[in-house]
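Working through the structure, step by step
The lines below spell out each chain.
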Amino acid sequence: MKKLLYIPLIAAAFIFQSCGEEFLDSKNLYEKLDVDYYKTPQDITEALTAVYSCLATDAGNQNMTLMANILSDDCLGGGGQADYLFHDLDRFATEAGENQFKECWETAYRGIFRANMIIYRFDQAEYKDEVERNQALGEAYFLRAYFYMKLGQFFGNVPLITKPEPVNYPKASADEIFGQVASDFKKAIELMAPTKFQNIPVERLGHATKWAAQGMMARAFLFYTGKYNKTEISLPEGGSVTKDQVVAWLDDCIANSGHGLLPDFRNQWPYAYAGEHYPYAKNNNLQWVGEEGGNNETVFAVKYSPYGNFNPAGVLSYCNQLVLYCALREQPSLIPWGNGWGAGPVNPLLWQSFEDNDVRKKGSIIDITDPEEGDVSEEYIWGGQNANGVEETGFAQKKYTPITIPHPETGAVVSMFYILYGGQNNMQLWSMQDEILLRFPDILLMAAELGSANAQTYFDRVRTRAGLASKPVSLDAIKLERRHELAFEGVRWFDLLRWHEEEAALTAVKNFNVKNIGIEEPYTGIYRSETNGFLPIPESEILLSEGVLEQNPGWIK
Amino acid sequence: MAPQLGAFFYEKCIFDKHISPLIEQFLPLLILFNAYIYRTNSNNKINLRPMISDLFKQLNQRNFIRSHLFLILLLAFQVAAFAQGRMVSGTVTDASNEPLPGVNVLIKGTTVGTITDINGKYSIGVSKTNDILVFSFIGYNEHSVVVDNNAVIDVILKEDILQLNEVVAIGYGVQKKKLSTGATLNVKGEDIQKLNTTRPIDALQGLSPGVSIQQSNGLPGSEARVYIRGIGTIGHAKPLYVIDGVSADNIDHIAPSEIESIDILKDAASAAIYGSRAANGVILVTTKRGSKNQKPMISYDFYNGWQSVYKDPGLLNAQQYRDIVVEANENSGGKPLDFVKTVPNWDKIESGEWKGTNWFDEMLTDNAQVQNHSLSIIGGSERSTYSMGFGYHDEVSILGPQGNNKYKRLSARLNSEHIVIQSDGRSILKVGENLSYTNTKNPTFRTGNIYWNDLHNALVANPFLPMYAEDETDKAYPYHYAIAWNSADVNPIALLEYNGKYNTNSNNSILGNVYAELEPIKNLKLRSSYGITAGFGSSRQFTPPYELATRTVVAQDQVTQRMYQNFTWTWTNTASYSKSIGSHNLTAVVGNEMMRNSVNLQLSGKNEKSLFGDFEHAYLYNVTAIDPTYTTLSGRDDYGESLMSYFGRLSYDINETYLFTAVLRADGSSNFDEGHRWGTFPSLSAGWVVSNESFMQNVPFINFLKVRASWGENGNKNIDKFQYLSSLSYDVAAYYFGPDKTIQSNGAYPARLPNPNVSWETSEQISAGFDLHIVDSRLQLVFDWYQKNTRDWLVLAPALATNGTAAPYINGGEVRNQGVELALNWNDKIGDFRYGVNATVSNNKNEVVEIKNDEKIIHGPANVLSQGTGEMFRAQVGYPIGYFWGYETDGVMQNEAEVAAYVTPENELYFKDQVPGDLRFVDQNKDGKINDDDKVMIGDPNPDFIFGLQFTADYKGFSFLINANGKAGHQIAKSYRSFADSPRQNYTKDVYNRWHGEGTSDRYPRLTFKTHRNMTNISDIYIEDADFLRIGNITLGYDFKQLLKRLPIEQLRLYVTARNILTLTNYSGMDPEVGYGPTPWASGIDLGLFPSSKTYMIGVNVKF
C-alpha cells in the first residue's frame, strides 16, 4: 500500500506541465486591429479608398446606373431569358425573388459604414496639413451623402445610420434623409478647397472635389424638393439649404471649377477611339479625349481597372460591369462593338425623339441597321449566338459599351482598354471605362432649371455643342434637353420621379415590337404607381429587423 | 529519447519556460534507459524493483543527479540468476483438430514463454510442478493448464465466439469490450481489408449503424463525407479522426492493409474524452502492430482491377437531340431553327451518317485499371514487437484527361515497441513509435457547381459539335472550336485537357508518434507521447494558350506553381491505474494534452508567357517578365491554433456486472477570446450485465445481456480564427485613382462586427442500448437509441446589411438528431462450413430546433441547378438541415379543359399564358398567387435509414463474401442540364418522359425553348427518391495451401472480386449516392456527379 502513495506524486511530476494562458494566445498576422487604426493620414487615405471601392458593385446587374436606365423610359429590360432582375426592374415586379436588389442596398450601406467609421474617428487622426485634412474629411462626408442620396432615390425611406454601430432603426423620413444628405454635402463643399480642375494633380483623379459636391448637392436638392414638393431642405443641425444657395454653388462651379464642355460631345466616349476601325468615328474624325486628365467635362466618375476577376468574390467590381452588361448580347466579332449581356435595349421612341441633326442621336445610340455602325448592320444575330436574348429593339446605347478593335501587334480583336492598359484577355474582365456619375452639362442644365440668372446661356451652351440652334429656356425645353444630353447615364429616372412624370413616361412606351429569342412580340411599358417609383427593400432585411423595417408601399406581400 | 526531446525545442515557448520541468520528467526515463543498456550489454538479469523504489524516493527529494548516479551504481553490481528446470511439450489444435501455429504459451506470472510452430507444436522449460501454462491466441478463448508432472500437454483451443475478452480502443486507453458502457463500434482491420476499397472508410459502409458514409464524388482521392448519428451543425460536421493517438483530418491516406482496427465512438459519453473536438463523434484507428514472441510473418497482398462506369447517363445523339430542340423551339413559337447555317456538316447528321459526338463516352476511360500492392512484416521477440508495412495503390480514374488521370498512393509504416526494462514478467518501461509516411498524387477533374464541373460540361455540350478540328494537323488547336449553333458551348474534352492534362502534384504526409510508458508499480502506467502530423507538397501546372469559343480564350500560356507545408504537434501525458479489491474493480486515467498547429505555410505563383511554352519546362523560373496584371503571387503562414487540455476517466465495476464510467475533459482553445477559451465536457455512463445475475442463470438461451445508458456533452471549436477581434481587412477594397488604371490604391475597413463572446458549439447526447447474445452466442444483437442536441452552433447568421460589414460568428443554432441503431450478427458452423451474417440498420431524424435570428432560416444560394433558379435548400427551424425548398406540383395540365380548370379561388387563371403541358403549381395558401409563400419542403437529402448486410462463408479453404449497403428515405435534386437558361444544352434520355400530348406525362412538363416557369421554378419535378441498395462487394477466394500443404508458406489465397456491380434503385441518375452540395451542410444535389465505378478484380494474399 505504501507504493500507492507514489501515485499522486508521480502523476504530478510527470503530467501537469503548466504552460499558462500564453500558450493559447494567438496573433492575427493578416489584419490590423481597429483600435490602432484611423490615426495617420495614411490610415485615413486607406479607409477612404475602401469607401470609394463601394461605388462599384460586384454584381453587374445591380450597377445603379444600369438599374436607373432600365427603370426609366430610355431602356427596356433585355438581357437573356433568365435575367429576371432586368425584367423585374422593367415591370416593377419581384418575380425573381424579394431579395434581388439586395446587393446595391448592401453596397451602399457598406460605404456608409466605412464613411461613418472615418467621420466618427476622425478626431484622432493627426494631420500636418490643414488643407489635406479638410479634403479627407470632406470626401468622407461627400461619400456618405452620395450613398444616402442614392438609397433615397432608389428605395425612398431607409434607415438613417450616422454612427459606425450595428443598430436596428426604422425607416427615416425623406426629410431626415435628405436633411442629412444636404448637411453632409454642405460640409463637403465647405471643407474642400476651391482648386481648379486643371490645378488638381492628375494622381487625384477619381477623388471627390468641392465642385462635385456642389453638383451633387443640386441633384439632391432637385430630387427632394421635386419629389416631395418642398422648397428647401431643412438641415438636422438647424438652418436650411435654399434654392438660392444651390444656384450660387452651381454658378460658382460653372465659373470657377475649370470644368467645361469638350468641343465635340462624342470625343468623350470610347467609341471615338475606334477611329479607322469604325466608319462613324472615321467619317466624323473623332478623337477620344481619354481618361488621364484631359477630360474636364467629367466632374465625378467611378474609376475602374484591369484587375477585375471572378475570384476572390467581390473583385469583379474592379472592372466596369456596366459596360459588359449593356453590350450587345453574344454577337460574333462585330468591330467595334464588343460582346456582353444585352441589358437595357434602347426604347426606339427615344431614338425617334431626337432631332436628326442632333449629334447626340447617333452619338449616343447604335442603330443596328446603320451601315455607318460597322459590321453590326450586316452580321447582327438577333437573340445572340445562344439564341437567348430578349426584348431586343435593334437599338443599343453606345456611351457604355465595350469597344473592341484589332490589336495593333497581334491583330486579335480585343478591348481598346486591354490594348491601352493590359490586364486579362477576357471579355468579361477587360472593360475599365470611367463610369461618369456627374458631367458638366448636367451642372449647366441644373443651374438653368433652378433659375440661375445665366439660365439661357447655360442652356444654349449645351445645345450649341450638340449642333443645335438656341431656343428659349423653359422647364419643358430643359426636360427634353436633359433626356437627350444625359441619356443612359442613370439620371433620367430620378428626373421623371421629381417631375412626377414617371407614369406618363413609362406607359407611353408602346406600339412597337421587340424580339424575344428572335421571335417578334409587342412591347408595352409597365408602371405600378402604388410603388411611388421606389424599389422594394430586400425582404431579408425586413425579416432580420424583426419588424422594425417596413416594406415599401406597393411591395407588401 | 533525444529526438523526442529535440522536437520540443522547435517551440520556443516550451523551451524557454518549460524545459526544466521537462528534463525533470524525462530524467527517470533516461535513468531507466541506462539500466536497460547495462542489462542488455552484460546479458545480466537484474531485479529492478528496489532500484525503482529508491528512484522514486530520490524523485521525491528532487535530487535527480544523485538518484541517477545511485542507480548506475546499483545496476553495476546487481545480478539476478534465473533457474531453469525440465521441458514440457505438446500440440495445440482447434476444435476440428487442425494444428494452430503461432499460439502463445506462457508460464503464468513470468515472462517465460514460447509459441507453437507451424504444426501447432511447442516445448517449454518449467521449473515447478505448480507452474501454470497459459495458451492464448487471437480469436480463441484463453486456456490454462497446471503442469503437474506431465511431460506432454496437448491442448484444444475453443474459438472465442463472443470475443468479449477482446479489448477495444476507447481513447487514451483500451477496455474490455464486455465492460464498455457507451455506444461504440469496433471493426477489425481484416474485415476492412477484405473489401479492397481504396479509402479505408468506405469499407465501413453498411457495417456501422448510425454512421453515414457517403462519397462526395467518385473521383479517386476525393474525401468521403462521414456523419456520425446525423449531421449536427451547418459548420464543421466532420468526426474527429485519431490515428494511433494522433488526430488527423481524415484517414484516407492510410492503406487499408495497415489497419488493425477502427473504433467508432458514437455517443457523447464515449467521445467525451476528446472534449472540444468530439461533438461529431470520434473515429479511432489503430494500425497494425506485432505481438510478443511472434515469428516474423510476411504478408503480401496484391490485386488488379478493371473499372468501368456503372451507368451511362444516356445522352442524346445528334438526331435525337435535333428532334428534341425542334420540338422545344416549336413549343415556344420560334421560327424554324437554321441547322444548315449553324451546324458544320449538317448533311451528314441529316442523313444519319454521323450520330454526333457523345461527350460522355469521349471522356470515359474503358477498363480503367486499379492496382494495389501491400507488403507487411509483423513480428516480435520477447521484448520487442514490430510491424512494417508498405503499400502502393495506383488507380486510373474512369473519367478524366487521358494520360493524367491517375490517383497514386504510396505509403510506408513502421510501428514498434520495446520493453526496455522488465521485471518479474512485468514490463517496467516500454518505448515505441508509430510512424507513417504517405505520398499521394491526385488526378485533375473538376467536380463542383455547374460552372466548375467537367462531367457537367460533357453532359451539356451539344452533340453537333465535332471533337476535332476539321484540319487535325493544326497542332496548336487540334480540338474543334465552338460552332455557331451554340457559340457558348465549349468543347469539354479540350477544356478538360488544356486545364487538366499538364498538371502534376505531390502531397506528402507524415503522421506518427513516439512514446514511453512506465509502469513503476503494477497497473500504474505513466505514458508520454509526442505526436506529429506534418504535410507538405507542391503542384505545378501549365496551361497552353487556346481558343475554344469567343469567351473561352487563353491568349498566353500560363505557369502556376504552388507549395504548402503544415505541421502540428501533440504532446500527451497520461497516468492510468487499475486496482481490484475483492469484486470491486477500478480503472482511472488522468491526462494532459497540448496541441499546436504551428506551421501552415502556403506559397503560390502564377505567371504568363513562359520561355519554353511546354509543360516540361513549366517552372516560374522560366517565366520571368513581371506584369502586375497577369502575375500573381501569394504567400502566407497562418498563426496557428493551440489546444490545451486536462482530462480524466474513472471506470468502476463490481464483479464485471455493474459498470460505471465518468469522464471529464477541460479544453482551452486559442480560437476564442480570453475568458471564453475554456470549456468543460463531462459525461457519465453505466451498464448492467444482466446475464451475470444469478436469476439469469436459469434462462439458458440468453448467453449475454448487457444494458447501457449514457449522458454526456462534447464540443466543437472549429471556426474561423479571430472572430472575437475587430480587425481591419484589405480584401476587396482597392480603388484606382489617377491617370493610370494599373495603379492600385489599397483600402482598409473593419472586417466584421466582432463577437468577443463567441465560444463552443456543444453537443449533448443521451444514449441507451443493450447487447444481447443468444442461441449459444451465435446470434449477437446490439441495439442503441440516442438523442443528440447540438446547440450554440457556430453560425454566420445573417445580420442586417445596414450594419455595413460582415456579421461575426455567433452561437446561434440548434439541431436535434434522434435515432435508433440495430446490428445483428449470426455466426455458425456446420461441419467444415462456417458462415456468418451481419445485418445493420439505423434510423435518424434530423430537425433544426433553433436559429437565432428573426427569420429562423439560414439560406442556401441561388443558381444551383441552373443560372436563373432561386434558392433551393436551406436550414430552417422545424425542418431537417439542407432540406429542399420549392413548389409542390399537381401534375401537368393535359388539355384545354384542365387549363381552364387551373384557377385561383377567384376563378381566374393562375397564369395568363398557361397552356396544356404546363405544370400546375400548388397554391398552398390559396391566395391566388404562386409565389415564395407557396414553397414547401419538397425533399430531404438526409437519409432516414442506413442499412447493410454482409454474408460470409468459409469451407475447406474456399471463402465467399457478399456485402450490400443502402440508404432510404432521402431525396436527390437532379438536373443534368440548365433548364432555366440554356435551351441548346444537350439532354439525357430522361427527356422522353416529358409531356408531349395528352396523356404522355403527368409529371414532366412540355419542353420550351424560352425560359419558362415550368423549369425555372424549383419544384418537386427536380426531386427524386433516392433509396438504394448496392451490392458493394462479392468475393470468392480459395486458399491453395489447402491443396498444397507442403508449401513452405502459410497462406496462398487467390480471389476474384466484383465491386459495385449492382445498385437497386428507382433513382434515374447515374449514381444514387450524391454527396455534393454547394455548401458544406448541403448534399444530394446531382449536377452530373462523378459516379462510382463498377470494378472486377483478381487478387492474391500470400503469407509466409
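The notes below deal with the structure included here.

Definitions and cut-offs
- Residues numbered from 1 in each chain as written.
- Chains lettered and ligands numbered in written order.
- Predicted model: local features only at pLDDT ≥ 70, side-chain atom pairs only at ≥ 80, totals over all residues.
- Heavy atoms only, no water.
- Contact = heavy atoms within 4.5 Å.
- Salt bridge = Lys/Arg side-chain N within 4 Å of Asp/Glu carboxyl O.
- Polar contact = N/O pair within 3.5 Å; in protein donor to acceptor, adjacent residues only side chain to side chain.
- Core = buried A, V, L, I, M, F, W, Y, C linked by side-chain atoms within 4.5 Å.
- Buried < 20%, exposed > 50% of the residue type's maximum accessible area, 1.4 Å probe, protein only.
- Helix = DSSP H or I, 4+ residues; strand = E, 2+ residues; numbered from the N terminus.
- Pairing = 2+ DSSP bridges.
- Phe/Tyr/Trp six-rings, centres within 6.5 Å; stacked < 30°, edge-to-face > 60°.

**Brief notes about the interface of chain A and chain B**
Contacts between the two partners involve 100 residues from chain A, matched on the other side by 109 residues from chain B. For the interface between chain A and chain B, the tally reads four salt bridges. Two residues, A:Glu291 and B:Lys741, come together in a salt bridge whose shortest N-O distance is 2.7 Å. Summed over the shared surface of chain A and chain B, the number is 22 residue pairs in polar contact (both at pLDDT 80 or more).

**A look at the nonpolar core**
Residues and elements named next belong to chain A. With 162 residues, the main nonpolar core has Leu55, Phe142, Phe155, Phe185, Phe300 and Trp493 as its most contacted residues. If one sorts the elements of this core by residue count, helix α6 (residues 130–155) sits on top with 14 residues. Not counting residues up to four positions away in its chain, the partners in contact with phenylalanine 155 are Phe101, Cys104, Trp105, Phe534, Leu535, Pro536, Ile537 and Asn552.

**Some words on helix α4 (residues 84–91) of chain A**
By the criterion of burial, α4(A) is predominantly enclosed, with seven of the eight residues buried. For α4(A), the set of buried residues is A:Tyr84, A:Leu85, A:Phe86, A:His87, A:Asp88, A:Leu89 and A:Asp90. Turning to α4(A), the residues buried within the fold contact α3 (64–71), α11 (321–326) and β13 (519–523) of chain A together with α14 (1013–1016) of chain B. Of the residues one or two after α4(A), A:Phe92 is the one with positive phi, at around 55°.

**Here we look at the pairing of strand β51 (residues 1028–1039) of chain B**
Residue and element names in this part refer to chain B. The element β51 is largely enclosed, with a buried count of nine among its 12 residues. With 10 bridges connecting them, strand β48 (residues 958–968) and β51 associate as antiparallel partners. From the neighbouring strand, serine 959 faces β51, where its bridge partner is glycine 1037. Relative to strand β52 (residues 1051–1065), β51 runs antiparallel, the two sharing 11 bridges. In the sheet register, aspartate 1039 faces β52, and the bridge partner there is arginine 1053.

**Some points on the pairing of strand β4 (residues 121–126) of chain B**
Residue and element names in this part refer to chain B. Burial along β4 is one-sided: Tyr122, Ile124 and Val126 are buried, while Lys121, Ser123 and Gly125, pointing the other way, are not. Sheet topology places strand β1 (residues 86–94) next to β4; six bridges connect them, and they run antiparallel. Bridging across to β4, methionine 87 finds its partner in glycine 125.

**With respect to unusual backbone geometry**
Residue and element names in this part refer to chain A. Here asparagine 311 and proline 312 are connected by a cis peptide whose omega angle stands at -5°. Looking at the element boundaries, proline 312 is found in the loop between β4 (298–302) and α11. In the segment running from isoleucine 335 into proline 336, the intervening peptide bond is cis, with an omega of 5°. You can see proline 336 is positioned in the loop between β5 (328–329) and β6 (339–340). Phi angles above zero are rare outside glycine, and histidine 500 is one such case at about 60°. You can see histidine 500 is positioned in the loop between α19 (492–499) and α20 (502–507).

**Points about the packing of aromatic side chains**
Applying the stated criterion across every chain, the model contains 70 aromatic pairs over all chains. Summarising the aromatic geometry, the rings of B:Phe833 and B:Tyr955 are spaced 6.5 Å apart at their centres and angled 55° between planes, so their arrangement reads as tilted. Placement of B:Phe833 in strand β40 (residues 833–851) and of B:Tyr955 in strand β47 (residues 945–955) is noted, with a sequence separation of 122 residues between them. According to the relative accessible area criterion, B:Phe833 is partly exposed, its value standing at 30%. A relative accessible area of 40% means that B:Tyr955 is categorised as partly exposed. Between B:Phe873 and B:Trp1081, the ring centres sit 5.4 Å apart and the planes meet at 75°, which makes this aromatic pair edge-to-face. Here B:Phe873, found in strand β42 (residues 873–876), pairs with B:Trp1081, found in the loop between β52 and β53 (1085–1086); they are 208 residues apart in sequence, far enough to count as distant. Of the two residues, B:Phe873 and B:Trp1081, both sit in the buried class. Of the aromatic side chains, those joined through ring pairs into one cluster are A:Phe154, A:Phe178, A:Phe223, A:Tyr224, A:Tyr228 and A:Phe494.

**Considering the environment of A:Trp211**
Residue and element names in this part refer to chain A. The topology assignment puts tryptophan 211 in helix α8 (residues 210–227). A sequence separation of 230 residues divides tryptophan 211 from proline 441, and the C-alpha atoms of the two residues are 13 Å apart. Residue contacts for tryptophan 211: discarding those within four places in its chain leaves Pro194, Thr195, Lys196, Phe197, Asp252, Cys253, Asn256, Ser257, His259, Val299 and Ile443.

**Remarks on the pattern of salt bridges**
Scanning all chains against the criterion turns up 85 salt bridges over all chains. A salt bridge links B:Asp244 to B:Arg289, with the shortest nitrogen-to-oxygen separation between them at 3.1 Å. With B:Asp244 in the loop between β13 (240–243) and β14 (246–248) and B:Arg289 in the loop between β16 (282–287) and β17 (294–309), this residue pair connects regions lying 45 residues apart in the sequence. Given the relative accessible area of 13%, B:Asp244 is considered buried. B:Arg665 serves as the salt-bridge partner of B:Asp667, at 2.9 Å between the closest nitrogen and oxygen. The exposure class of B:Asp667 is buried, given its relative accessible area of 0%. Where salt bridges share partners, they join A:Glu297, A:Glu355, A:Asp358, A:Arg360, A:Lys399, A:Arg439, A:Arg463, A:Arg465, A:Glu481, A:Glu485 and A:Glu489 into one cluster.

**A few points about the sheet that holds strand β34 (residues 749–750) of chain B**
Taking strand neighbours across the sheet as the criterion, the three strands line up as β1(A)-β33(B)-β34(B) in an open arrangement whose pairing is antiparallel. Each edge of the open sheet is held by one strand with a lone partner, namely β1 (32–33) of chain A together with β34 of chain B. Here two bridges tie β1(A) to strand β33 (residues 727–729) of chain B, and the two strands are oriented antiparallel to one another. Residue pairing in the sheet places A:Leu33 in a bridge with B:Ser727 of β33(B).

These figures come from the coordinates and say nothing about function on their own.
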